[in-house]
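# Understanding the architecture of this molecule
One letter stands for each residue in the lines below.
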Amino acid sequence: MNENKIKKILLNETCDALNSVDNKINILFNLKKKNTFFTFRKRIMILTSIFLLLVTTLYLDFEVYAQTTIYIDINPSFELIIDNNENVKKLNLKNEDALTNFYNIQFEGKSIEEVFYLIINTAIEKNFLDTNSTDNAILLGGYNKNFNKLNRIINKITEKLERSIAKNGLASEIIVEKATKKEVKIKNLNISPSKLKLMNSIIKLDNSYQIESLQDLSITELNIIYKGLKDIQKENKNNSKKKTIEK
């Protein structure tokens, strides 16, 4: 669906909403026509205010991708900018694995689902993902100052990533990490802010790990480490409860 069609739909929705509001005001106006407070001028003011509110809301929703960056990590790391038709406007190769293995692929102008398919297909060919393994993990992340918008976008594109994984005959866990301003500010690591957030989660569980020792690991490897540490944490808590009960 192109941009003009989307705008036409949004405009029709706005007009329908205004007609509904106008009908309700007509009823109220007839009930209170003897009341000078509810004048024609005030009626116009109310309608204008509602119209501006609706248009602003629809515009902000339509521009939902405008300030959003999407990240996808396998070990190759990618940064995607998407337009409102869900096509990729720009794709940045974030690390050496991405630069070496994906430099000759045209991503711009394709739909995000096509791009996901190409990334996963090439990652399988280059042995970053294994169709014979059930331990594969792909990190999907993003950043937008408006967290509610980011949630809506991530939910939509997670489904597209799931379909792309299935089309490639791959079994893979999707890890979702929504980056914060703190991770976005760190620019010198050649990794995505979402991968940095996952690494920080590991370090929080075991501070013997450092950024330098984790940044070159694949998402599958990081996920195995993270799950192992969570299992240890859970086991320690259970043992602690047992000791408390025994006392």
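Residues numbered from 1 in each chain as written. Predicted model: local features only at pLDDT ≥ 70, side-chain atom pairs only at ≥ 80, totals over all residues. Heavy atoms only, no water.

Right, let's get into the pairing of strand β4 (residues 137-143). In regular strands, side chains alternate between the two faces of the sheet. Where burial is concerned, most of β4 is hidden: seven out of the seven residues are buried. Both faces of β4 are covered, namely the face carrying A137, L139, G141 and Y143 and the face carrying I138, L140 and G142. Here strand β1 (residues 69-73) pairs with β4 via five bridges, running antiparallel. Paired with D73 across the two strands is L139, which belongs to β4. Note that β4 and strand β5 (residues 173-178) share six bridges and pair parallel. Each bridged residue has a counterpart across the sheet, and for A137 the counterpart in β5 is E173. (Buried < 20%, exposed > 50% of the residue type's maximum accessible area, 1.4 Å probe, protein only. Helix = DSSP H or I, 4+ residues; strand = E, 2+ residues; numbered from the N terminus. Pairing = 2+ DSSP bridges.)

We now examine the sheet that holds strand β2 (residues 77-82). Ordered in space as β3-β2-β1-β4-β5, the five strands form an open sheet in which the pairing is mixed. Looking at strand neighbours, the two that pair on one side only are β3 (88-93) and β5, the edges of this open sheet. Neighbour to neighbour, the strand axes of the sheet diverge by 20° on average, direction disregarded. Across five bridges, the pairing between β2 and β3 is antiparallel. Its bridge partner lying in β3, F78 is registered against L93. Across the sheet, helix α7 (residues 193-205) touches β1, β4 and β5, and the angle it forms with β5 is around 95°. (Axes fitted to C-alpha atoms, helices over the stretch in contact; angles between N-to-C directions. Contact = heavy atoms within 4.5 Å.)

So, about the pattern of salt bridges. On inspection of all chains with the given rule, the structure shows six salt bridges. A salt bridge links K94 to E79; its shortest N-O distance comes to 3.7 Å. A residue pair is termed long-range when its members are at least 10 positions apart, and K94 in the loop between β3 and α3 (96-102) and E79 in strand β2 qualify at 15 residues. The class for K94 is partly exposed, based on a relative accessible area of 24%. Using a relative accessible area of 16% as the deciding quantity, one classes E79 as buried. E173 is the partner of K227 in a salt bridge, and the nearest nitrogen-oxygen pair spans 2.8 Å. On the criterion of sequence distance, the pair formed by K227 in helix α9 (residues 219-246) and E173 in strand β5 is long-range, its members being 54 residues apart. Overall, K227 belongs to the partly exposed group, its relative accessible area being 41%. Judged by its relative accessible area of 32%, E173 falls in the partly exposed class. One salt-bridge network, held together by shared partners, links E86, K156 and K160. (Salt bridge = Lys/Arg side-chain N within 4 Å of Asp/Glu carboxyl O.)

Don't take any of this as a statement about function, it's just geometry.
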